[in-house]
Amino acid sequence: MTPNPRTAMHRALGVSKEIEDAAWFVLGPGLRGKPSALDGNTLTWTAEAAAELLERLDRGTADAKAPMMTNLRQNLEDASREAKQLAVELLFLQSLPLAHEVKSLKVKRARVAEAASWLETPPAAPLELPEELYKGMTDHGVIRDRTAEFNWTIWDHLKWLCRFVQHVDQQTPAAIAKALKDPLNFHELAAGTPGDQPAIRRSIEYLAWPSYFEPVVADVERQEIRDAFASLVGGAKGDSDEDITADIHRIRLHLDEQAGQRIDWYARQLVSQWRKVGDPGRRAWLLRTHSDNAELLTAWQEEEKVTLDVEHLRHLDPGVTAGLVQHAVDEDYKHLGYVEREDTKTAVFAFLTVMKPGDLVLFQHAGIVRLGVVLGEPEHNDDNRRLRRKVRWLDDDGHATTDLPRHVQRQLATSGIVVDVTKVVQALQALVPAEAEPEDDDDAEPAAVVPPVQEGFRPLSRDFAESLHMDLEPLQEIAELLEENRQLVLYGPPGTGKTYLAKHLAAELAQDSTDERVKLVQFHPSYAYEDFFEGYRPDKTDEGQVAFKLVAGPLRRLAEEAAKPGNEKKPYFLIIDEMNRANLAKVFGELYFLLEYRDDRIYLQYSPNEPFTLPDNLYIIGTMNTADRSIAMMDAAIRRRFAFIELHPQTEPVQGSLLRFLQARDLDTTPALLLDALNAAIDEWDRDLMIGPSYFMKTAAQTPKGLRRIWKYELMPLLEEHYHGQLTRAQLEERFGLEQLLGRLVTS
């Protein structure tokens, strides 16, 4: 039976005509063995030029901290024109298709122009790069490789391109002709290059055959696209590189037909269908060896890898589910205790499935942190005793642990073999050395000036104090005490403005008019830990079944927000109103510890595998009504962890506030005199029962009828309850009645 001949294909355009035409401007002459398109004279795609350039790249970087182009220029000193011009072409091809998220247009053009400036051209004029090159170097790009491989492996990419040129030059004209007529033959040619680098190889395959290959080069993204849409074309062919490429091609043709045009895999409506839900982007991982094995850590650095010991574990493939990992570890590690098995499950699942190329990795040893970027998928060592991933270590000297921000140090103290420290990924990325030359942009508009974040609370203003009708000095002292202790309680009799002051003081210190950084909760007798921090709540599943879901409470939500990268210097405030009405030991639980030791972490009863810490920039203000319960009856643990500030009608900042309030509004000051007379009639040992000014700040207090209602229905019931069994109603009226107090004011 004669096999069907393969349908002839043409190098039709793909996603971007500018990029693909510019690529062919360089690739076409090179693949055909013709002079370089840059000057029309120099033969660059030769085995000799490629070998010379490769030898100079193999010399490595003279200064690991210097920009890549500085090291490349030093390596190419005294090189032949052919080798230097080949370097220009390969730099161009490596960066040409990259989107601005990966490499900015300015950097792409600057690199190619700088490399071209190294060419010795006397006595002729300096080489001017053809317009065809610049037309193709657009800012939008087509490869949006989220693995960061194109940023951190450019040296390796250039080496592979040199080997590719050597490999092409060694082929017969017939083999080259076949590769230029059929994309699968071109793939065979490219894949035959020694020392495969899949990302750059796939980029070249796309630039050569954009009608067949896609500008999707990362393994994880190719797999996600194929798996998401395979059902549209009758299922997947297989899991080999060639099978996935063929599947994606069939899927793309199907979607092209539906859309009526060439689709873009990274268009918003498509990417939401294939990219896994909840993908956080770049993660950060802390890895440890057993017993801090210095010899193994040295091997990690020298061999540019990280490993995970799996000596007793059966073979598990990359991408394995958490359930399969749990079953395998439970069966194969019965000799370990429960805690070690749980750590092993977490580490294996993270290493095989969650960790992705482009993630940051780090390890600690002898007080130094080394940082790197994951470049490879997980592989098994030949003896199956370890898993490994390729890593590019980014710094030779590392960073002293003590020099890192405190919130980073806390995360790095988390126990485990493979620990997800993505919470501090932005702080870690700030430690990554710049891989590109500095960008000088004289034409760019000046960036908006961002005012520096205020360190600590800024002083309160006199205008703020006057708005509260209080003196500035006691308010400033409260603010300073809150900044020092991070948690305090405002306590006092009813009506002294505890909640009012807490809300306005927090808003002023936060400098946030949206209240996003100030939250208020109210405690009550049935309030519990599950309401305040986190607990399980009934939830309806997609199948309509009832399940229990872990739900965060106000403290956890605000703490998570305060701990986000970029928020470390912004103050966040949680106000707990009527704090003493709840069972505080029950509500706070193990969080008592963190109130005193903010630098430490604890493991929570509902999240035992996730250490939690209270961020330094989270402040807690509680209010307590001493008429409900004396603070002398408070739990000693709470008293030790909070500073207590009394707000009392006879002490600042409350004393005199009602008079200032009335005078500021040109109102009758009689209510202020009545308040003083009422509190003077209450015995000193009953000072917790004295009345605050807020009762008289109502509009009703300015009319005789309204004042009598306040007295009869709000104040006298409080006094009757307190003096029940001690004073008769007639005695109460004689001592505290409105008419009697008004009469005393007249006679005095």
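This text goes with the structure placed above it.
Residues numbered from 1 in each chain as written. Predicted model: local features only at pLDDT ≥ 70, side-chain atom pairs only at ≥ 80, totals over all residues. Heavy atoms only, no water.

J.: Just to check I follow, could you spell out the overall build of the protein chain for this structure?
T.: Within the protein chain, the regular secondary structure consists of 32 helices and 17 strands. Counting across all 748 residues of the protein chain, residues that qualify as buried make up 49%. For the protein chain, the share of sequence-separated contacts (at least 6 apart) that also reach a separation of at least 24 residues comes to 67%. A total accessible area of about 36,200 Å² is found for the protein chain, and carbon and sulfur atoms account for 50% of it. (Helix = DSSP H or I, 4+ residues; strand = E, 2+ residues; numbered from the N terminus. Buried < 20%, exposed > 50% of the residue type's maximum accessible area, 1.4 Å probe, protein only. Contact = heavy atoms within 4.5 Å. Areas by Shrake-Rupley, 256 points an atom, 1.4 Å probe, with all protein chains shown as cover.)

J.: Where do I start with empty space enclosed by the protein in this structure?
T.: Rolled over the atoms, a probe with the dimensions of a water molecule shows which regions are left empty. A full pass over the atoms with the stated rule returns two cavities of 30 Å³ or more. The calculated volume of the largest cavity comes to roughly 80 Å³. Counting residues per element, the ones that place at least two in the lining of the largest cavity are helix 11 (198–208) and helix 13 (241–259). Counted by class, the lining of the largest cavity contains four nonpolar, one polar and four charged residues. Residue assignment places the lining of the largest cavity across two domains, with domain 1 (17–215) and domain 2 (218–276) each supplying three or more. As for the second largest cavity, its lining consists of Arg-288, Thr-289, His-290, Leu-296, Trp-300, Thr-307, Leu-308, Asp-309 and Ile-417. Mapped by element, the contributors of at least two residues to the lining of the second largest cavity are helix 15 (294–302) and strand 2 (305–309). Among the elements that make up the lining of the second largest cavity, the one with the highest residue count is strand 2 (three residues). For the lining of the second largest cavity, the per-class residue count stands at four nonpolar, three polar and two charged. (1 Å grid on protein atoms, 1.4 Å probe; cavity = no way out; pocket = protein on both sides within 12 Å on 5 of 7 lines; lining within 4 Å. Points joined across faces, edges and corners; volume = space filled by probe spheres on them. Nonpolar A, V, L, I, M, F, W, Y, C, P; charged D, E, K, R; others polar. Domains from an automatic or database assignment.)

J.: Explanation requested: the environment of Asn-384 in the structure shown.
T.: As for its placement among the helices and strands, Asn-384 is situated in the loop between strand 5 (379–380) and strand 6 (386–393). Classification of Asn-384 as partly exposed rests on a relative accessible area of 36%. It is 6.9 Å that separates the C-alpha atoms of Asn-384 and Glu-311, two residues lying 73 residues apart in sequence. Dropping the residues within four chain positions of it, Asn-384 is found in contact with Val-310 and His-315.

J.: So what exactly am I meant to see when it comes to the environment of Thr-626 here?
T.: Structurally, Thr-626 is set in the loop between strand 16 (618–625) and helix 27 (636–641). The class of Thr-626 is buried, set by a relative accessible area of 7%. When the C-alpha positions of Thr-626 and Glu-578 are compared, they lie 9.8 Å apart, and in sequence the two are 48 residues distant.

J.: Looking at this structure, how should I read helix 16 (residues 322–332)?
T.: Owing to its 3.6 residues per turn, the α-helix brings residues three or four apart onto one side. Residues Val-325, Ala-328, Val-329 and Asp-332 constitute the buried set of helix 16. Axial view of helix 16: buried residues confined to an arc of 95°, hence all on one face. (Arc of directions from axis to C-beta.)

J.: How do you make sense of the nonpolar core when you look at a structure like this?
T.: What tends to happen in soluble globular proteins is that the nonpolar side chains get buried as a cluster. Core analysis: the biggest nonpolar cluster contains 60 residues, and Leu-90, Leu-93 and Phe-186 have the highest contact counts within it. No other element matches the nine residues that helix 8 (residues 154–169) contributes to this core. Ignoring anything within four residues of it in the chain, the contact list for Phe-186 reads Leu-31, Phe-164, Ala-179, Ile-204, Glu-205, Ala-208 and Trp-209. Ala-562, Ile-576, Met-624 and Ala-637 belong to the second largest nonpolar core, which has 35 residues in total. (Core = buried A, V, L, I, M, F, W, Y, C linked by side-chain atoms within 4.5 Å.)

J.: Would you mind going over the pairing of strand 3 (residues 360–365) with me for this structure?
T.: By the bridge criterion, three bridges tie strand 1 (residues 284–287) to strand 3 in an arrangement that is parallel. By the bridge assignment for strand 3, Leu-286 is matched with Leu-362. Where strand 3 lies against strand 4 (residues 368–374), six bridges are found, and the strand directions are antiparallel. Residue Gln-364 lies in a different strand from strand 4, and its bridge partner there is Val-369. (Pairing = 2+ DSSP bridges.)

J.: Help me understand the packing of aromatic side chains in this model?
T.: Within a pair of aromatic rings, the relevant descriptors are the distance that separates the centres and the angle that separates the planes. Tallied over the full model, the rule gives 26 aromatic pairs. For the pair Phe-523 and Phe-532, a centre-to-centre distance of 5.3 Å together with 90° between the ring planes defines the contact as edge-to-face. The exposure class of Phe-532 is buried, given its relative accessible area of 0%. Ring pairing ties together the aromatic residues Phe-523, Tyr-527, Phe-532, Phe-588, Tyr-592 and Phe-642, which thus form one cluster. Residue placement shows Arg-389 over the ring face of Phe-351; its charged tip is 5.7 Å from the ring centre. Taking the ring centre of Tyr-572 as reference, the NZ or CZ of Arg-517 above it sits at 5.8 Å. (Phe/Tyr/Trp six-rings, centres within 6.5 Å; stacked < 30°, edge-to-face > 60°. Lys NZ or Arg CZ within 6 Å of the ring centre and 35° of its normal.)

J.: Teacher, can you tell me more about the pattern of salt bridges here?
T.: Any two side chains of opposite charge can pair if their charged atoms end up close together. Under the definition given, this model contains 51 salt bridges. One salt bridge connects Glu-214 with Arg-252, and the closest N-O pair in it is separated by 2.7 Å. Here Arg-252 lies in helix 13 and Glu-214 lies in the loop between helix 11 and helix 12 (219–229), a separation of 38 residues in the sequence. With its nearest N and O atoms 2.8 Å apart, the salt bridge here joins Asp-247 to Arg-226. Taken together, the positions of Asp-247 in helix 13 and Arg-226 in helix 12 put the pair 21 residues apart, joining distant regions of the chain. As far as burial versus exposure is concerned, Asp-247 and Arg-226 are alike and both buried. By sharing partners, the salt bridges in this structure join Asp-196, Arg-201, Arg-202, Glu-205, Asp-219, Arg-222 and Asp-241 into a single network. (Salt bridge = Lys/Arg side-chain N within 4 Å of Asp/Glu carboxyl O.)

J.: What exactly am I supposed to notice about a nonpolar patch on the surface here?
T.: Taken together, the side chains of Tyr-536, Phe-548 and Leu-550 define a hydrophobic patch exposed on the protein surface, amounting to about 310 Å² of accessible area. You can call Leu-550 partly exposed: its relative accessible area is 31%. (Patch = residues over 30% accessible without salt bridge, like charges linked within 9 Å, V, L, I, M, F, W, Y side chains within 5 Å.)

J.: Explanation requested: unusual backbone geometry in the structure shown.
T.: Trans peptide bonds make up most of the peptide bonds, and negative phi angles are found at most residues other than glycine. Following Glu-652, the chain continues into Pro-653 via a peptide bond in cis, with omega recorded as 10°. Among the secondary structure elements, Pro-653 is positioned in the loop between strand 17 (643–646) and helix 28 (657–664). Phi at Asp-666 is positive, roughly 55°, even though this residue is not glycine.

J.: Any chance you could explain the sheet that holds strand 17 here in plain terms?
T.: Within a sheet, each strand pairs with its neighbour through backbone hydrogen bonds, oriented either parallel or antiparallel. Sheet architecture is open: five strands sit in the order 10-13-16-9-17, paired in parallel fashion. The sheet is open, and its two edges are formed by strand 10 (518–522) and strand 17, each paired on a single side. Taken pair by pair, the neighbouring strands of this sheet meet at an average axis angle of 20°, ignoring direction. Running over the sheet, helix 21 (residues 472–485) touches strand 9 (487–492), strand 13 (572–577), strand 16 and strand 17 and is turned about 140° from strand 9. (Axes fitted to C-alpha atoms, helices over the stretch in contact; angles between N-to-C directions.)

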